[in-house]
Structure formats: structure tokens, C-alpha cells
Amino acid sequence: MQTQDELTNLFRQRTWDRELILWFGPEVKLRPFLTSVQVETLDLLDTFDAAALPVDDEEVRQHLSRSLRKCLQSIPRTAGKRTALIVRSAGLLARYRVGVQDFYNWFCDDFAMVILLVEGRCGESEWPDEVECASDGLVEYFTKSDLIKRLIEA
């Protein structure tokens, strides 16, 4: 895990190197770091139509992947203006094994970064006995194959 000071230094840079960050903590603690850049948000839950939800995991994965690609291509960006995209409900990427390649292909560049927001860990809540909590599951998924560059905890 990296420190919040590293995030401050990253935002001081004039350009970025295809940055994709996993932020563990509340969004309100992230926002003060973003005052110098344009901020866009994307909640992955909003890519689903509640009236027509996919039936099985493979359909969900395909829908999420297609919808994500479409959303990333539609985000307004201005040449040379630094933009940070906050992605809410990032756990869906791991749950349905969508990965992060689309972020690199369609959004991340010298002036645009993605911040995957994970506001809490499952170990912080009370769960029924039949629910198994893998508290480091997201960290393992995103770091095992170098899917993300930085992991920062608030």
C-alpha cells in the first residue's frame, strides 16, 4: 500500500503515466486531493437496468464489459486538461472478472486517470453466518496480476 502523500505528489505532476489507482476509504477523504483536476464519476451499478437485469454471471460480465466500454468512450474530455474518473462499485469488476483493461484502452493517458473506489471492507460490517467474507479479496484480485499501479488506503 502506498501513502496519501504519494497521491498528493501524483496530482502535482503535470502529466501522468496511464494511472489506475485503487482507493480504500470514503470518497469524502479522496475529494480534497482532486481540487486541481476535472472530476468525473461513474457508478458501475448505473450501467444496469433494474427492469432487465442479466440472468447469470456470464451475462452480467458481458453486459458490464460492454456498458463500461460505452461509458468510458462517452466521458467528455478536453485535450490537455487533467481528468480523474472516480469509479464507484468497483467490486463488481472483481466479482464478475471484468478486469481493468478497458480503462487503459479507452480512458487512461497522460491527462486522464482512473480511481477505483472501495469505500469499506467486508470485515467492517456484521454479516450473516452463511456469508463468507474475504476481506482482502479485492486487493488480491487487483494486485495479483499487476492490474493496478497504486493501492492507497485512507
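An account of the accompanying structure is given in this report. Because the structure is a prediction, the values reported are computed rather than measured. Within any chain, residue numbers begin from 1 and follow the written order of that chain's sequence. Per-residue local features are limited, in this predicted model, to residues with pLDDT of at least 70; the limit for side-chain atom pairs, both in listing and counting, is 80 or more; totals at the level of whole chains, interfaces and linings are taken over all residues. Only hydrogens and water are removed before side-chain values are computed, so all heavy atoms of the structure are retained for them.

## Focus on the side chain of aspartate 43
Here comes step 1: Comment: elements are numbered from the N terminus, with helices defined as DSSP H or I runs of at least four residues and strands as E runs of at least two. With respect to the helices, strands and loops of the structure, aspartate 43 is situated in strand E2 (residues 38-43).
Here comes step 2: Under the scheme applied here, a residue whose accessible area is under 20% of the maximum for its type counts as buried, over 50% as exposed, and between as partly exposed, the area being computed with a 1.4 Å probe on protein chains only. Residues scored as charged are limited to Lys and Arg (positive) and Asp and Glu (negative), so that His and the chain ends carry no count. The working definition used for a salt bridge is a side-chain nitrogen of Lys or Arg within 4 Å of a carboxyl oxygen of Asp or Glu. Buried and without a salt bridge, aspartate 43 has arginine 88 as its closest oppositely charged side chain, separated by 5.2 Å.
Here comes step 3: Side-chain atoms alone can form a polar contact between residues adjacent in sequence; in general such a contact is a pair of N or O atoms within 3.5 Å, and within protein one must be able to donate a hydrogen while the other accepts it. A distance of 3.0 Å separates a polar atom in the side chain of aspartate 43 from the backbone nitrogen of leucine 45.
Here comes step 4: Here a residue-residue contact requires only that any non-hydrogen atoms of the pair lie within 4.5 Å. If sequence neighbours within four positions are ignored, aspartate 43 has contacts with Arg88 and Ser89.

## Some remarks on helix H3 (residues 57-74)
The periodicity of an α-helix, 3.6 residues per turn, causes residues three or four places apart in sequence to face the same way.
Here comes step 1: Multiplying 1.5 Å by the helix residue count minus one yields the expected span of that helix. Counted at 1.5 Å a residue, the expected span for H3 with its 18 residues is 26 Å, and the 26 Å between its end C-alpha atoms agrees.
Here comes step 2: Looking at the buried positions of H3, the neighbouring elements they touch are E2, strand E3 (83-88), helix H4 (91-95) and helix H5 (101-106).

## Some words on the sheet that holds strand E1 (residues 20-24)
Here comes step 1: Any two strands between which DSSP finds at least two bridges are classified as paired. The parallel open sheet is built from 5 strands, whose spatial order is E2-E3-E4-E1-E5. Unpaired on one side and paired on the other, E2 and strand E5 (150-153) mark the two borders of the sheet. The average angle at which neighbouring strand axes cross in this sheet is 25 degrees, direction not considered.
Here comes step 2: Only the contacting stretch of a helix is used when fitting its axis, a line to C-alpha atoms as for every element, and angles between N-to-C directions run 0 to 180 degrees. This element, helix H1 (residues 4-12), spans E1, strand E4 (112-118) and E5 of the sheet and lies at about 125 degrees to E5.

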